[in-house]
Amino acid sequence: MEMEKTKVTELQSNHLNLERNLAAARAHELVQKRELNSAADELESLKRKYSRETEDLSADLRKKERELREATEDLRLARADLERERESVQTLKTTVESQSTAHITLTAQNNALTTQLAALRSSLDYSSADASNMRMELETLRKRYTELESEIREAEMVRRKLHNTIQELKGNIRVFCRVRPLLSSDIPPELSLTITGSLSSALKTNTEDIKRIREQCLAQIDFPDQRDHKEIVLKSSSESAMGQERKEAWNFTFDKVFESDSTQADVFEDISQLAQSCTDGYNVCIFAYGQTGSGKSFTMEGGPTEETAGMIPRAVEQVFQVAEYMKSKGWEYKMEGQFLEIYNETINDLLGKGEFDKKKHEIKHDKGSTRVTDVVVVPLKSSSQVRTLLSMAQSRRTVASTLMNERSSRSHSVFTLRITGTNVHSGESCEGSLNLVDLAGSERLNSSGAGSDKDRLKETQNINKSLSALADVIAALGEKGEKSDKHIPYRNSKLTYLLQNSLSGNSKTLMVLNLSPLATHLGESLCSLRFATKVNNTTIGTAKRTTRVSS
Ligand SMILES: Nc1ncnc2c1ncn2[C@@H]1O[C@H](COP(=O)(O)OP(=O)(O)OP(=O)(O)O)[C@@H](O)[C@H]1O
C-alpha cells in the first residue's frame, strides 16, 4: 500500500506536474495562439503590403516597359538620325575634301593674285600719274574740239559758198536734154505683129526683129560728145523733087544730154547739187519741158519703184538728207509742200478737197516769197510723205478727168517744197524753195488735133500762151542783165506769175528738155530743141540766197 500510496502520490505529483505542464502548455498555447494571431495579422498586413507593393511594382514595371519601348523607339530614331548624320558627315567629308582641294587651288590663285595685285598696285601708281597727265591732255583736247567745231561750222559756210559759186559759174539757167527710150506702145500694130515673143515696155533688147523695128520707128539721133555728154544731133534724109537724097543735120549743145538708156539716178546725179541749194536759202526751179508723151512726168514724178522714182521724190529725199546732216552743224529746218495744177489759166490745188476748176486761188508775192490763197500746204516730216502726196494728186486728177493722162498732158503741175532753216549756234536763218514743174505738152496747134475740138483749141492756146510767156520772161531776164529797169512780163501767165520769185535773178533754174525718140516726132523735137536752146543762151544775173542773222 505504501507503495501504492507512493505511487498515487507519485501519480498525483505527476498529475499535478502534468496539469501544471498542461496549464503551462495551455498558457504557452495561448501565447502561441496569440503570437499566431498576431503573426497571421502581421502576415495579412504583410500580404496587403506586398500586394500593394506588387501592384506598385507592376505599375512601375509597366511604366518601365513603356519607357523601355519609348526608349527603344527613341533609340531607333536616334540610330536613324545617327545614320543620316553619318551619311551627311560622309557627304561633308567629301565636300570638305573637295573644298580643301579647291582651297588649295584658291590659295595658289590667291597667292598669284596677291602677286599680281602687288604688280598692279605698282603699275597703278604709274597709271595715276599718267591719268592726271591724260586728264590735262583731255582738257586740252576738249578745248581743241570746241575750236574745231567752230572751225567746221566756218568751213561748212565756206563749202556752201563755194558750192553755190560753182552753181553760179555753171549759169543760173541750165538746160538738160533727155531722150526717152522706145516703148512697145510706140510701135504701130502692123509692125509689132512681126515681133516674135513678148515686148517689154522699154525696148532695150536687141533681137533682129527689134533692131529692124527700131530702125523704122526711131528718129536718127546722135550723141557725138561721148566725153562730156553735151551734144545732140538730129538728122534726117529725104528725097528732093528731083529724086536726089537730101541730108540734113541739126546740132544742139546743152549743159548735159542724157541718152535713152540713162536712168533716173543718172539724171538726178546732175540735179542733186541744184536741189540741195534750197537748203542754203536759194529759190530753185526745175522744169520738165517737151511734147506730150516725151517723158516729162516720168522724169519728174517717175514710177513706183525705187529705181524709177523721179526727180520730185529724189529731190525731197536729198533735201531731207542734207537737213539731217546739217543738224550736226546747228541747222534746224522746217519744210512744207504744196502741189498745184494750172489748167486753162486756172489754179487747182492737187492736195485740196474742193472740185476742180471751181475754187479761185490767188497768187500773192511778199518780200521774195510767194503764197497762193486757199491751198493746202502740208508740213513735211519725212521724204516718204511725198510719195503719198504724189499719189493723192494723181487720184485727184483721175477724179477730175476720166482721161487722167489727157488732163495732165494739158496742164502744168508745180510741186513746191518750201524750206526755212535756222542755225542755233550762229542765229543765222535762211528761206529757200524748190519748185519742180511738169509743164504741159509743148506740141504745136496743128499736131495736137485741136482744130476740130473747141475745148482742145482753148487748152492748146492756153498752153502755148503760158509756154511763150515763160520764154518771154526768160528772154526778158536775160536782157535785164544790161538794163536794170527792164520790165519782166511775169503777169502774162499764171505759171510765170506763180514762179516769179523762182525765175528772177535771185534763183537757179534748170530746164529738162524731154524728147521723144520717134521719127514721127522729129519736127516737134526740133521745135523743142530750138526753144531749149533759146533758154540755154539766156544768162540771168547772180543768184542770191535769202538769209538773215537774228540780232
Ligand atoms: N526714161 C524712160 N524710161 C522708160 N519709160 C519712159 C521713160 N520716159 C518716159 N517713159 C514712158 O513713156 C510714157 C510717156 O511718158 P510721160 O507720161 O512721162 O510723158 P509726158 O511727157 O509726161 O506726157 P504728158 O505730157 O502726156 O504728161 C510713159 O509710159 C512713161 O512711163
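None of these values were measured; they are calculated from a predicted model.

The rules behind each value
Residues numbered from 1 in each chain as written. Predicted model: local features only at pLDDT ≥ 70, side-chain atom pairs only at ≥ 80, totals over all residues. Heavy atoms only, no water. Helix = DSSP H or I, 4+ residues; strand = E, 2+ residues; numbered from the N terminus. Buried < 20%, exposed > 50% of the residue type's maximum accessible area, 1.4 Å probe, protein only. Contact = heavy atoms within 4.5 Å. Areas by Shrake-Rupley, 256 points an atom, 1.4 Å probe, with all protein chains shown as cover. Near = heavy atom within 4 Å. Polar contact = N/O pair within 3.5 Å; in protein donor to acceptor, adjacent residues only side chain to side chain. Nonpolar A, V, L, I, M, F, W, Y, C, P; charged D, E, K, R; others polar. Pairing = 2+ DSSP bridges. Axes fitted to C-alpha atoms, helices over the stretch in contact; angles between N-to-C directions. Salt bridge = Lys/Arg side-chain N within 4 Å of Asp/Glu carboxyl O. UniProt positions renumbered as here; feature names shortened; annotations may be inferred.

**A few points about the overall build of the chain**
Here is step 1: Of regular secondary structure, the chain possesses twelve helices and 15 strands.
Here is step 2: Residues counted as buried form 38% of the 551 residues belonging to the chain.
Here is step 3: Taking the contacts inside the chain whose residues are at least 6 apart along the sequence as the reference set, 70% of them involve residues at least 24 apart.
Here is step 4: Accessible surface, the chain: about 33,000 Å² in total, of which carbon and sulfur atoms supply 54%.

**Notes on the site of the ligand**
Here is step 1: Lining the immediate environment of the ligand, one finds 14 residues, of which Gly293, Lys296, Ser297, Phe298 and Ser409 sit closest.
Here is step 2: In the model, an oxygen atom of the ligand is placed 2.9 Å from a nitrogen or oxygen of the Gly293 main chain.
Here is step 3: In this structure, an oxygen atom belonging to the ligand sits 2.7 Å away from a main-chain N or O atom of Ser297.
Here is step 4: Contact with the protein chains hides 75% of the accessible area of the ligand, taken as 620 Å² for the molecule alone.
Here is step 5: For the shell around the ligand, the secondary structure elements donating two or more residues are helix 5 (296–300) and helix 8 (404–409).
Here is step 6: Here the shell around the ligand takes three residues from helix 5, the largest share from any one element.
Here is step 7: A per-class count over the shell around the ligand returns three nonpolar, eight polar and three charged.

**Thoughts on the sheet that holds strand 2 (residues 220–222)**
Here is step 1: Taking strand neighbours across the sheet as the criterion, the three strands line up as 2-3-4 in an open arrangement whose pairing is antiparallel. Strand pairing shows two members of the sheet lacking a second neighbour, strand 2 and strand 4 (245–253), which therefore form its edges. Each strand axis lies, on average, 20° off the axis of its neighbour in the sheet, ignoring direction.
Here is step 2: With nine bridges connecting them, strand 3 (residues 231–239) and strand 4 associate as antiparallel partners. In the sheet register, Ser238 faces strand 4, and the bridge partner there is Arg246.
Here is step 3: Contacts from helix 12 (residues 522–536) reach strand 3 and strand 4 within the one sheet, and its direction differs from that of strand 4 by about 35°.

**Things to note about the pattern of salt bridges**
Here is step 1: Across all of its chains, the model carries 17 salt bridges by this definition.
Here is step 2: In this structure, the salt-bridge partner of Glu83 is Arg86, at a minimum N-O distance of 3.3 Å. You can see Glu83 and its partner Arg86 sitting in helix 1 (residues 2–169), three residues apart, about one turn around the helix.
Here is step 3: Its relative accessible area of 39% is what places Glu83 among the partly exposed residues.
Here is step 4: With a shortest N-O distance of 3.3 Å, Glu336 and Arg418 are connected by a salt bridge. Linking Glu336 in strand 7 (residues 331–343) with Arg418 in strand 12 (residues 412–423), this pair joins segments that are 82 residues apart in sequence.
Here is step 5: Residue Arg418 is classed as buried on the basis of its relative accessible area of 13%.

**Overview of the UniProt feature "binding site: ATP" (unreviewed entry) in the chain**
Here is step 1: The feature "binding site: ATP" (unreviewed entry), as given by UniProt, occupies Gly290, Gln291, Thr292, Gly293, Ser294, Gly295, Lys296 and Ser297 in the numbering adopted here.
Here is step 2: Turning to its location among the elements, Ser294 is positioned in the loop between strand 6 (283–289) and helix 5.
Here is step 3: Assessed through its relative accessible area of 1%, Ser294 is described here as buried.
Here is step 4: Apart from residues no more than four positions distant in its own chain, Ser294 is found in contact with Arg180, Asn514, Leu515 and Ser516.
Here is step 5: Here the side chain of Ser294 touches Gln291 through a polar contact of 2.6 Å, landing on its backbone oxygen.
Here is step 6: Examined against the element boundaries, Lys296 turns out to sit in helix 5.
Here is step 7: Among residues more than four places away in sequence, those in contact with Lys296 are Ala288, Tyr289, Gly290, Gln291, Asp438, Leu439, Ala440, Gly441 and Asn514.
Here is step 8: Side-chain polar atoms of Lys296 contact the backbone oxygen of Gln291, separated by 2.9 Å.

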